[in-house]
Amino acid sequence: METLAAMSAEGFFPSFLLLACGTLVAILLGAAQKLGLFYQLMHKVDKTSTRHGGENVAAVLRAHGVRFIFTLVGGHISPLLVACEKLGIRVVDTRHEVTAVFAADAVARLTGTVGVAAVTAGPGLTNTVTAVKNAQVAQSPVLLLGGAASTLLQKRGALQAIDQMSLFRPLCKFCASVRRVRDIVPTLRAAIAVAQSGTPGPVFVELPLDVLYPYFMVEKEMVPTKLPKGFMGQVVVWYLKNCLTNLFVGAWEPQPEGPLPLNIPQASPQQIQCCVEILSRAKRPLLVLGSQALLPPIPADKLRAAIETLGVPCFLGGMSRGLLGRNHPLHIRQNRSDALKKADVVVLAGAVCDFRLSYGRVLNRKSKIIIVNRNRDDMLLNSDIFWKPQEAVQGDVGSFMVKLVESLQGHTWASDWAEELREADWQKEQTFRDRASMPVSQHLNPVWVLQQVEETLPDNALLVVDGGDFVATAAYLVQPRGPLRWLDPGAFGTLGVGAGFALGAKLCQPDAEVWCLFGDGAFGYSLMEFDTFIRHKIPLMALVGNDAGWTQISREQVPRLGSNVACGLAYTDYHKAAMGLGARGLMLSRDNEDQVVQVLRDGQQLCREGHPVVVNILIGRTDFRDGSISV
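Residues numbered from 1 in each chain as written. Predicted model: local features only at pLDDT ≥ 70, side-chain atom pairs only at ≥ 80, totals over all residues. Heavy atoms only, no water.

1. Points about the overall build of the protein
Argument step 1. Regarding its fold elements, the protein presents 26 helices and 17 strands.
Argument step 2. Expressed along its principal axes, the backbone C-alpha trace of the protein runs to roughly 105 × 65 × 50 Å.
Argument step 3. Across the 631 residues in the protein, those meeting the buried criterion constitute 54%.
Argument step 4. By sequence separation, contacts in the protein at least 24 residues apart represent 77% of the contacts at least 6 residues apart.
Argument step 5. For the protein, the accessible area works out to roughly 28,100 Å², and carbon and sulfur atoms hold 56% of it.
Argument step 6. Within the protein, one finds 61 positive and 56 negative side-chain charges whose respective centroids are separated by 4 Å. (Helix = DSSP H or I, 4+ residues; strand = E, 2+ residues; numbered from the N terminus. Buried < 20%, exposed > 50% of the residue type's maximum accessible area, 1.4 Å probe, protein only. Contact = heavy atoms within 4.5 Å. Areas by Shrake-Rupley, 256 points an atom, 1.4 Å probe, with all protein chains shown as cover. Lys, Arg positive; Asp, Glu negative; His and termini not counted. Charge placed at Lys NZ, Arg CZ, Asp CG, Glu CD.)

2. A look at the sheet that holds strand β14 (residues 513-519)
Argument step 1. Pairing within the open sheet is parallel, and its six strands lie in the order β13-β12-β14-β15-β17-β16. The open sheet is flanked by β13 (486-487) and β16 (584-588), the only strands paired with a single partner.
Argument step 2. Taken strand by strand, helix α21 (residues 498-508) contacts β12 (461-466), β13 and β14, and its axis lies near 175° from that of β14. (Pairing = 2+ DSSP bridges. Axes fitted to C-alpha atoms, helices over the stretch in contact; angles between N-to-C directions.)

3. Here's the deal with the packing of aromatic side chains
Argument step 1. As enumerated under the stated definition, the model contains nine aromatic pairs in all.
Argument step 2. Plain terms: the ring middles of Phe-432 and Tyr-476 are 5.8 Å apart, the flat faces sit at 75° to each other, and that makes the pair edge-to-face. Remark: Tyr-476 occurs in helix α20 (residues 469-477) and Phe-432 occurs in helix α18 (residues 415-436); sequence separation between them is 44 residues.
Argument step 3. Looking at Phe-432, the relative accessible area reads 6%, which means it is buried.
Argument step 4. Aromatic ring contacts, followed pair by pair, group Phe-518, Phe-523, Phe-530, Phe-533 and Tyr-574 into a single cluster.
Argument step 5. We note Arg-321 situated over the ring of Trp-486; from NZ or CZ to the ring centre the distance is 3.8 Å.
Argument step 6. The residue whose ring lies beneath Arg-361 is Phe-386, and the NZ or CZ to ring-centre distance is 5.0 Å. (Phe/Tyr/Trp six-rings, centres within 6.5 Å; stacked < 30°, edge-to-face > 60°. Lys NZ or Arg CZ within 6 Å of the ring centre and 35° of its normal.)

4. Side note on the UniProt feature "domain: Thiamine pyrophosphate enzyme N-terminal TPP-binding" (unreviewed entry) in the protein
Argument step 1. Mapped onto this structure's residue numbering, the UniProt feature "domain: Thiamine pyrophosphate enzyme N-terminal TPP-binding" (unreviewed entry) falls at residues 52-167.
Argument step 2. Along residues 52-167 the backbone is 46% helical and 18% strand, and the end-to-end C-alpha distance reaches 27 Å. (UniProt positions renumbered as here; feature names shortened; annotations may be inferred.)

5. Concerning helix α3 (residues 53-63)
Argument step 1. When you tally the buried positions in α3, you get eight out of eleven residues, the bulk of the element.
Argument step 2. One or two positions beyond α3, positive phi appears at Gly-65, with a value near 80°.

6. Some thoughts on the packing of helix α19 (residues 446-456) against helix α26 (residues 596-608)
Argument step 1. Where α19 contacts α26, the two axes come as close as 10 Å, and the packing angle between them is 50°. The pairing of α19 with α26 is recorded here as oblique in orientation. For α19 against α26, the interelement crossing comes out right-handed. Only Val-596, Val-597, Leu-600, Arg-601 and Gln-604 of α26 make contact with α19, whose side of the interface consists of Trp-448, Gln-452, Val-453 and Thr-456.
Argument step 2. Here the residues of the contact of α19 with α26 are counted per class, giving five nonpolar, three polar and one charged. (Parallel < 35°, antiparallel > 145°, perpendicular 65-115°, else oblique. Left-handed = near helix turned anticlockwise from the far one by under 90°. Nonpolar A, V, L, I, M, F, W, Y, C, P; charged D, E, K, R; others polar.)

7. As for the nonpolar core
Argument step 1. Ranked by internal contacts, the top residues of the largest apolar core, which has 91 residues, are Phe-70, Leu-287, Phe-400 and Met-401.
Argument step 2. Per-element accounting of this core gives the leading share, nine residues, to helix α5 (residues 97-111).
Argument step 3. When residues no more than four places from it in sequence are discounted, the contact partners of Leu-287 are Ile-307, Leu-310, Val-312, Pro-313, Cys-314, Phe-315, Val-347, Ala-349 and Met-401.
Argument step 4. Listed in part, the 41 residues of the second largest apolar core include Leu-61, Leu-212, Cys-243 and Phe-248. (Core = buried A, V, L, I, M, F, W, Y, C linked by side-chain atoms within 4.5 Å.)

8. Description of the packing of helix α13 (residues 269-280) against helix α17 (residues 397-408)
Argument step 1. At a closest axis distance of 10 Å, the pairing of α13 and α17 adopts a crossing angle of 60°. One element, α13, and the other, α17, form an angle in the oblique class. For the pair α13 and α17, the crossing hand works out as right-handed. Across the interface between the two elements, Ile-272, Cys-275, Val-276, Leu-279 and Ser-280 from α13 touch Phe-400, Lys-403, Leu-404, Ser-407 and Leu-408 from α17.
Argument step 2. Here the residues of the contact of α13 with α17 sort into seven nonpolar, two polar and one charged.

9. Quick notes on the UniProt feature "domain: Thiamine pyrophosphate enzyme TPP-binding" (unreviewed entry) in the protein
Argument step 1. Under the present numbering, the feature "domain: Thiamine pyrophosphate enzyme TPP-binding" (unreviewed entry) in UniProt falls on residues 466-617.
Argument step 2. Secondary structure content for residues 466-617 is 42% helix and 17% strand, while the C-alpha to C-alpha distance between its ends is 15 Å.

10. Quick look at the side chain of Arg-555
Argument step 1. Mapped onto the elements, Arg-555 comes out in helix α24 (residues 551-561).
Argument step 2. For Arg-555, a relative accessible area of 12% translates into the label buried.
Argument step 3. At 2.8 Å, the side chain of Arg-555 forms a polar contact with the side chain of Asp-469.
Argument step 4. Within the structure, Arg-555 has its side chain in polar contact with the backbone oxygen of Thr-622 (distance 3.3 Å). (Polar contact = N/O pair within 3.5 Å; in protein donor to acceptor, adjacent residues only side chain to side chain.)

11. So, the side chain of Ser-399
Argument step 1. The topology assignment puts Ser-399 in helix α17.
Argument step 2. Exposure remark for Ser-399: the relative accessible area of 6% places this residue in the buried category.
Argument step 3. Among the polar contacts made by the side chain of Ser-399, one reaches the side chain of Gln-266 at a distance of 3.5 Å.
Argument step 4. In this structure Ser-399 touches Gln-266, Pro-297 and Ile-298, once residues within four positions along its chain are discounted.

12. Examining the pairing of strand β1 (residues 68-72)
Argument step 1. Summarising burial for β1: four of the five residues are buried, a large majority.
Argument step 2. Both β1 and strand β2 (residues 90-93) contribute to a ladder of four bridges, which runs parallel. Residue pairing for β2: Thr-71 is matched across the bridge by Asp-93.
Argument step 3. For the crossover from β1 across helix α4 (residues 78-86) to β2, the handedness is right-handed.
Argument step 4. In terms of strand pairing, β1 meets strand β3 (residues 115-119) through three bridges, oriented parallel. The residue of β3 that forms the bridge with Leu-72 is Val-119. (Right-handed = clockwise from strand over helix to strand, strands pointing away.)

13. With respect to the pairing of strand β6 (residues 203-208)
Taken residue by residue, a regular strand's side chains alternate between the two faces of the sheet.
Argument step 1. When you tally the buried positions in β6, you get six out of six residues, the bulk of the element.
Argument step 2. The alternating pattern of β6 places Val-203, Val-205 and Leu-207 on one face and Phe-204, Glu-206 and Pro-208 on the opposite face, and all of these are buried.

Here's what the structure looks like:
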């Protein structure tokens, strides 16, 4: 027994020593990997180069066809802005970061590609949160580039250093913080692809200072010029130099910069066939199109041709407004709830059963519902509570509509259903004409004013709407002239989108007349950006419906709660304020009500001459929207 124990002891110590050595080697190899020592053996650092990470950012953006980058400048992001300018990407600086993101959102919606904004660290990024959330709800592919403190100074109290990643993860489809210059290109390519794939949405890439500035500047800040004495001091200096090497090793080696393939869900042939069978048996079919219908890859003109071939009366909402142009016989504009109750088959193509469709309660339980959406959660929202889909198709809306029409092979429906809806439409609009002729206690009748706007709008007008009561009234009366010629915030109902949307719209479509319809409350968010329009030579028409209050809230708060608290504004001279920023200002009131059209045309002429214009329209209050509760 003693001999056996001795033999076991003799075998234990070599095994233990081997295990200990193996563990130590594994720890050292892991540390070497983490410190980047292996990568450094195969790749080099060009310590003499004056290139910087901002050039890599600009190269990726150019390779993806980005024409504009919107920003409010900050030292954290200066290199990427300078690099973009050198590569011919137009840098457009705004007076508030939220405007920069709204402008990028407009570019994304109108071009079908990613819109890009870059803002500085900390408060620069926190100022964008509302616009990023709006892009998320509206499903706009926006790339937000954010500056950040140097990698080694994060969580150490650096200037404007906060946990930015935690802030944007709930808002964005993709969030990444770049830690090495060589990672800029693949990270941005991945982010842009994610933004446009599946259900589009915003993405966020954080770019710390030391990955954007050139080697010699980062070295000066990172490595002390006077070397410390002692072993620990030498270890610290070695660590800092290694971090510097890791930042720049392999930074300028060639990498692919162009777009990655997008993942766009498509309806299966079996689903298409099921929908064909349902729709072909319909007597009173109805189509409701939402914003997703205008997403790539199907262009608007091809989608329009498909809808016309289908021949089903339709309601258009969000970005699909204007798809059929003005006064198209298939486009039904009024009495949507009544029509949905009467229809026997309803196709919700990108429309969602949220508050806009009364959570699905507006649908007739006897109707067969076909719903198509890229997003499964949106597609089934409130289903089996207030409504139930006959066929739920997760896929691209535009592609679905084109395939559906091809499969129906010219099937037609009786014309009496569409005629019934058009007759109800005409009767409802007759009530609007009657409302326009009613006197108001002071100033101008807003319904009448908006009718004059509708008659004056040119065929190439692009409408941006930002406000409550005045804009909601305009939605009934003013018709977009064509597809992608209407920009509203979307389901989030955000005030303050006007200036940013107008800026992005005019840059994307320089030949269009951009008309902005503002409520006077909402105009307060955008007024200062007329300085931006002047500096960047952005001519546009801003019509301010000035009723001296937050009327959309006041019209229900006062009768229900007996107080107008916090709802009152003043009949401010907004046109004069804009003139102080260099714009042209015009005034409409009861004093010149016989000149409304002429004043609007004068504004158009000033725009054609290159001036942004504010038309301050003093309006009274009507009962046009009584019963509309803004909650």
